[in-house]
Amino acid sequence: MCDACVMEVVKGRLSRRGFLSGAVASAAGGAVLSASALSATANVLPESVSFSNVIDLTQTLTPDFPTFEGGPAFGESYEYTFAKDGLNLKTLHYHEHVGTHFDAPIHFSKDGQSIDEIPIEKFVCPLAVIDVRDQAANNADYRVMPEDILKYEQQHGRIPDRACVAMLSGWPQYVGTEKYRGEDSKGLLHFSGFHEETAQFLINERSVYGLGVDTLSIDYGPTKDFPVHYLWLGSGRYGIENLTNLDRVPLAGATIIAGAPKFKGGTGGPGRVLAVY
Ligand SMILES: N[C@@H](CC(=O)c1ccccc1NC=O)C(=O)O
């Protein structure tokens, strides 16, 4: 090899080694940095979460999104427009319980936690999806029963601790139609929810933080006394209503990242809810 060629090879090796050792050093530095940043700021979860899919479980909120009471519950008006002012900015007016939203314990209890008081680690949870689409298709007033949970566990294993248990009824396909609320001539609503025995079972026998539904309410539509709201929220747990896309996540094994709002004293409120798996 000519002298010049040898020099080029040696230079190449040296710079590659320098590059590699620099990369190792910066990776190690990065690890140290992120570990200390974590311990300084995060409420560390007991298990690590790794994922390659993100699914949006949130309904798009529009002024005509169906509401529990039937009337409008979300409005918006422009304060600034790009054409007139060079920027767009709206004021929103909305009911706390509209669209994909949270029910905080205070919603149905005398002095339960408000939405801002729920510890954040309760919003990142294993997600257990209970598929009752067939039952709901046959009976709009179907309620998720304890047997549905036991059947789920036979197929997918025990509901994990700290889970959010969500009902998949298939109702999001009816948003935009009367059927989503299912109001009859007597003013009763018709859609699925959880049975109070199931809420009681999950409170007593399992360790669950959240209850989710893809309908307007964790209680089924025709209820007059809201037993699941009183039981579940009264036990210090939270609910999420009007979820969507639960048919796009595995029934077991996903993690829900429930982006609850942080309104001081809020009884709930709309948020962004994601599932990762
Ligand atoms: N499922 C509803 C229930 C609810 O909001 C509600 C229950 C009884 C009386 C009024 C209610 N909300 C009024 O808009 C919710 O918790 O968001």
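Residues numbered from 1 in each chain as written. Predicted model: local features only at pLDDT ≥ 70, side-chain atom pairs only at ≥ 80, totals over all residues. Heavy atoms only, no water.

A. The site of the ligand, seen in detail. Inspection of the region around the ligand gives 13 residues, with H101, D103, H107, H229 and E241 positioned closest. Within the contact set of the ligand, an oxygen atom lies 2.7 Å away from a side-chain nitrogen or oxygen of H107. In the model, an oxygen atom of the ligand is placed 2.9 Å from a nitrogen or oxygen of the H229 side chain. In isolation the ligand offers 400 Å² of accessible surface; the protein chains occlude 83% of this area. Of the residues that constitute the shell around the ligand, the class distribution is four nonpolar, six polar and three charged. (Near = heavy atom within 4 Å. Polar contact = N/O pair within 3.5 Å; in protein donor to acceptor, adjacent residues only side chain to side chain. Areas by Shrake-Rupley, 256 points an atom, 1.4 Å probe, with all protein chains shown as cover. Nonpolar A, V, L, I, M, F, W, Y, C, P; charged D, E, K, R; others polar.)

B. View of the state of the cysteines. According to the stated counting rule, one finds zero disulfides in the structure shown. The cysteine C125 is free of any disulfide, with C164 supplying the nearest cysteine sulfur at 6.0 Å. A relative accessible area of 1% places C125 in the buried class. (Disulfide = S-S within 2.5 Å. Buried < 20%, exposed > 50% of the residue type's maximum accessible area, 1.4 Å probe, protein only.)

C. Representation of the side chain of D103 in the model. Along the chain, D103 falls in strand β4 (residues 101-103). Although D103 lies buried, it forms no salt bridge, and the closest oppositely charged side chain, R237, sits 14 Å away as judged by the N-O distance. A polar contact of 2.9 Å, which involves the side chain of D103, links it to the side chain of H97. Polar contacts involving the side chain of D103 include one to the side chain of H101, which spans 3.3 Å. In contact with D103, other than residues within four places in its own chain, are H97, H229, L233, Y238, G239, E241 and T267. (Helix = DSSP H or I, 4+ residues; strand = E, 2+ residues; numbered from the N terminus. Lys, Arg positive; Asp, Glu negative; His and termini not counted. Salt bridge = Lys/Arg side-chain N within 4 Å of Asp/Glu carboxyl O. Contact = heavy atoms within 4.5 Å.)

D. The nonpolar core, seen in detail. One finds I159, V165 and W232 to be the most contacted residues of the largest nonpolar core, which totals 26 residues. Those elements giving two or more residues to this core turn out to be β5 (124-131), α4 (146-156), β7 (163-168), α5 (196-205), β9 (208-213) and α6 (227-234). Considering every element that reaches this core, the biggest residue donor is α5, with four residues. Setting aside its immediate chain neighbours within four residues, W232 contacts A199, L202, I203, V208, Y209, G210, L211, I218, R237 and Y238. I55, L127, C164 and V249 belong to the second-largest nonpolar core, a separate cluster that totals 23 residues. (Core = buried A, V, L, I, M, F, W, Y, C linked by side-chain atoms within 4.5 Å.)

E. Geometry of the confidence of the model for the protein chain. Looking at the protein chain as a whole, the pLDDT averages 88, with 83% of positions reaching at least 70. Note on residues 1-40: pLDDT is under 50 here. Beyond four places in sequence and across chains, it has three contacts. Here the prediction assigns the complex a pTM of 0.85, and the interface score ipTM is 0.94. (pLDDT = per-residue confidence, 0-100.)

F. Quick peek at the pairing of β7. A large share of β7 lies buried, amounting to six of its six residues. Here β7 shows two buried faces, one formed by A163, V165 and M167 and the other by C164, A166 and L168. Where β5 and β7 come together, five bridges link them in parallel fashion. The residue bridging A128 from the neighbouring strand is V165, located in β7. Inspection of the sheet shows β7 paired to β9 by five bridges, in the parallel sense. Its bridge partner being in β9, A166 is matched across the sheet by G212. (Pairing = 2+ DSSP bridges.)

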